Amino acid sequence: MPDERIVLRHFPGNPIFDVKRYPKSLAFSPDIVPQYGHSPLVDELTNDLAFGSFIALPLVYHDDNLIFVRGITSPDTSSYFTAAITMRAIASELILWPQIWNQTTPIAPGPLFIKPGKDYWFERVATDAAFIFRPSYTGGLGYSLIAHHVSLSANLDTSQRSRDLIPSPPANINNCKDYYKFVTSDTTTTYYNVLVADPTVPVISITTRLRIFDDNPSNVVTLWLSVWHAGVPKDTQISLSSDCGQVHIPKRGISNSSAGVGKLEVKAGYDGHISMNIFRPDGEHFDPYSWMSLRVGMKPDVPGPYEFLGAQNIVFEADSTRNIRFASPAAVNIRNNHPSPPTAGGDVTEPAPVLAPTPTPTPAAAPEPPKDVRPPLVPTFPVATGWWFRSDMNDTNWFPRSTANGAIFYESPDIQSVGHTPIDSSILLNPATNYTNVLLSSDSNNYIYVRGHCTLPNITVEARLFFFPSSALLHPSFYTMEQKYCAKDEDGSIAIRTLTTTPGTDFYVFDKPFNIHSVPNPKEYGADHYCMIAEVRQKTSEHDDPHWPHEAHEEFNASASDFTPWMSTQSCVCWKNVSWTPCSVHITIIVKIILPPACSCSTCWTIIIESFGAPPGSYWQLSQIDGPSIPGLTIGFEKRALNTANSLWGCHFTGVPAGYEGTLQFEWISGNGQPAPSDMYFNYHLGCYSPNAASPAGSLTYPAIHGNDQWPFYVGDQYPNLSSCQNPPLVPRFEKPGLNPWPYATSTWSRIGGNKWNISS
């Protein structure tokens, strides 16, 4: 049992006192928490979800990185105390000998202190301030972080500098055997030697330094290298090499959980660098929070497991790497100083319910253009330069679009379906004009206008329009996959509309509408309405053939959760749903669910359905009627009564392969035989949960829905971390496929798609 009053873990999720199985030499502490520019509250570091997770973000070179420390008080704590913590950083070392780091200058601002409260037995604690580390670029080496933590009297001597009260860090160690004794007995230091890597790159290379100290200069030390992993694809390959030539392992596959990859015999005083290359299988991504570890150890004097001396760890995580810009000090500063985008009138918007928009009346026909004057534009920051679309009527030039206030992307007022005949386009120059619920027709022309704002004069703007049968997720690569979903001109060519911006004008309408003639009934595609997507590109004399936005979607190929950041930052893309609306005592709505080809089998998906104006005592249910059969997987929820007019229910699922396609059927059943009210409608949301409680894109996510842990959660047999996973995963492990307890009751989720189903007589 450790004698220190505060304990830092050495491996994610491990028992805090199992130092033999999880010694500090694994250098994988979840309690040293780099957060770049994000500054979480103590509770955000110590709540159930966060404390049970690995939530570190990548270290970013040449910028201030905030590093927090958390831990838990030990059971032998019997009085108040103060924990003093210092942090040191060195270029990555495979074995973290104290003599390498004990003379380095601690990271500013110096020691930080934790004072536990009254519940000092097994109390989760964290620093409320951060160490500030600005790493230099090392040309391939990462950084090792060392936390030195000691317990002091609760009442510090204020006549001395606090740092002078802290004992010196551990002393130099003479040899490998003494070092192993140190890492399995010392309770005052904790190591972090982790690279958080982008799982979408084809090859990941990492280099670490290996040094051997020995008090006998003639000694030859025998070491063993091994590679451990959890959650990576089985066809992953690795190679290793060293600058001194002792290590040369050509590209080879990995075993199920770990493999010895080489014996290394070196003399005392050895100093070299070892590089490991990790080759991602073609067409696959590493699962979120899968990991790999290069470890060095030695055989014990008596038969038994290897004695680990050090490790270099790699965690693969798309959100933490590809969205790291949202956690930069600059981005955090903008959010803190501009907590929500101003409305058109200049006021700050009040937070809206997460999933409870106000019902919109359904007019019988296209409305008359509003007579009110155009609201003034308010300059906001950060802003789009050039063209920008609105996602709703209250949007200003503010990106990324916030989802925290209940915003949705599929009701853009800048796509205007006006019916079967064109209108005077100048009517639409009033941004408040909004033709709502003008349905597409299967037997006539359907005219759609596109409009938007632009901050730059004298540029040529081109627009195009797509219309898709309803799908919960509109991956950008789908946009031109089938030409039948592109608006066309009479000659069959893809329709492109053009305008040139002028000085002194900032709102424009493309004068010529798109005409989608004889739109098929979406039920022919297993859908119930259409999703319209408009996109523009901006041409200048210096750049006359730029990408269309959907052609530059590299940031949306790592995971499904990339969709929200992609859509929220795309000023040149907007989306509007146009529904088909049946009316009956038993309403059936069909929706296709198509997951992107790059999503992970460990992604936890959520489907949420909200009712508005539904009679209490009526019923609803969601079921899957088509799609691949996956053992253990069920998508939907059983028939259940609606107790209130505005209700919410859903389901969770995971273990679904990339590119999964299926068809869901939503049913509403009258409870008294009366037809559906004309103002009843439903919102349908597809989302995914992030296991990272400190996601850099957390400002674009929703908090967990109260009671969602009561929704059914099914795990398909393709989930990578079932009981057969031998090494501890960084995400939940389930014993078997099928119905399981929901593990993320307090986490945030990203809304990445959805629909609105209007019901009218």
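Not measured: the values here are computed from a predicted model. (Residues numbered from 1 in each chain as written. Predicted model: local features only at pLDDT ≥ 70, side-chain atom pairs only at ≥ 80, totals over all residues. Heavy atoms only, no water.)

### A short note on the environment of Ser518
Logical step 1: Relative to the elements of secondary structure, Ser518 occurs in the loop between β25 (514-515) and β26 (529-539).
Logical step 2: For Ser518, a relative accessible area of 32% translates into the label partly exposed.
Logical step 3: C-alpha separation for the pair Ser518 and Asn445, spaced 73 residues apart in sequence, amounts to 6.3 Å. (Helix = DSSP H or I, 4+ residues; strand = E, 2+ residues; numbered from the N terminus. Buried < 20%, exposed > 50% of the residue type's maximum accessible area, 1.4 Å probe, protein only.)

### Some remarks on the sheet that holds strand β13 (residues 237-242)
Logical step 1: In spatial order, the strands read β11-β16-β13-β14; together these four strands make up an open sheet with antiparallel pairing. Each end of this open sheet is capped by a strand with a single partner; those strands are β11 (203-211) and β14 (248-253). This sheet shows a mean twist of 15° between the axes of neighbouring strands, independent of strand direction.
Logical step 2: As judged from the four bridges shared by β13 and β14, these two strands associate in the antiparallel manner. In the sheet register, Leu240 faces β14, and the bridge partner there is Ile249. (Pairing = 2+ DSSP bridges. Axes fitted to C-alpha atoms, helices over the stretch in contact; angles between N-to-C directions.)

### Focus on unusual backbone geometry
Logical step 1: Cis geometry is found at the peptide bond from Ala108 to Pro109, where omega equals 10°.
Logical step 2: With respect to the helices, strands and loops of the structure, Pro109 is situated in the loop between α3 (98-101) and β5 (112-114).
Logical step 3: The backbone of Ala27 sits at a positive phi, close to 50°, despite the residue not being glycine.
Logical step 4: Looking at the secondary structure, you find Ala27 in the loop between β1 (6-7) and β2 (32-34).
Logical step 5: On the basis of relative accessible area, Ala27 is assigned to the buried category, the value being 1%.
Logical step 6: The phi dihedral of His62 is positive, around 55°, even though this residue is not glycine.
Logical step 7: Within the fold, His62 resides in the loop between α2 (48-51) and β3 (65-73).

### Here's the deal with the nonpolar core
Logical step 1: In this structure, Phe54, Met87, Trp575, Ile607, Ile609 and Phe666 are the most contacted members of the largest nonpolar core, which totals 98 residues.
Logical step 2: Setting aside residues no more than four positions away along its own chain, Met87 makes contact with Ile32, Ile67, Val69, Pro106, Ile107, Phe131, Leu145, Ile146 and Ala147.
Logical step 3: Cys176, Ile254, Val261 and Val266 belong to the second-largest nonpolar core, a separate cluster that totals 46 residues. (Core = buried A, V, L, I, M, F, W, Y, C linked by side-chain atoms within 4.5 Å. Contact = heavy atoms within 4.5 Å.)

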